[in-house]
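In case you want the letters, here they are:
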Amino acid sequence: VARHPAVVLALETSSSMGFGQIAPVRDAAVTFLRQLPPTTKVAVVTFDNVVKTSGFAAAAAAQAALENVTPTGGSALFDAVNSAATSLRDDKVA
């Protein structure tokens, strides 16, 4: 079974990313996504005091998910890294 490349993009969305800091990070993430081969599947992990993980989808869906991030709360960095690693390990990317 052929597998497509997979990427998990983790983006901190805690309140420390406020005051205009989230926009350049989001722009860099979108630039990165635009450079991926079209068959690449992407999951997005956003984290403040809560970790949110999308399922694997096309890069365009990941870009859309990034449009809605807003800084709030604390930073659950360890939980986010764990979620990203688990997504790569467990999710079936076909």
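All figures in this text were calculated on a predicted structure; none of them were measured in a lab. (Residues numbered from 1 in each chain as written. Predicted model: local features only at pLDDT ≥ 70, side-chain atom pairs only at ≥ 80, totals over all residues. Heavy atoms only, no water.)

Peer 1: Could you give an account of the environment of Gln63, naming the residues involved and the relevant values?
Peer 2: By the secondary structure assignment, Gln63 is in helix H2 (residues 59-67). What Gln63 contacts, discounting residues up to four positions off in sequence, is Val30, Leu33 and Arg34. (Helix = DSSP H or I, 4+ residues; strand = E, 2+ residues; numbered from the N terminus. Contact = heavy atoms within 4.5 Å.)

Peer 1: Please set out the pairing of strand E1 (residues 6-12) residue by residue, giving values where relevant.
Peer 2: Two strands pair when backbone bridges link them, and E1 and strand E2 (residues 41-47) are joined in this way by seven bridges, in the parallel orientation. Considered in E2, the bridge of Val7 is made with Val42. In this view, the connection linking E1 to its parallel neighbour E2 by way of helix H1 (residues 22-34) has right-handed handedness. (Pairing = 2+ DSSP bridges. Right-handed = clockwise from strand over helix to strand, strands pointing away.)

Peer 1: Just give me the short version of the pattern of salt bridges, but keep the residues and values in it.
Peer 2: As enumerated under the stated definition, the model contains one salt bridge in all. A salt bridge links Lys52 to Asp48; the nearest nitrogen and oxygen atoms lie 3.7 Å apart. Accessibility expressed as a relative area gives 3% for Asp48, which makes it buried. (Salt bridge = Lys/Arg side-chain N within 4 Å of Asp/Glu carboxyl O. Buried < 20%, exposed > 50% of the residue type's maximum accessible area, 1.4 Å probe, protein only.)

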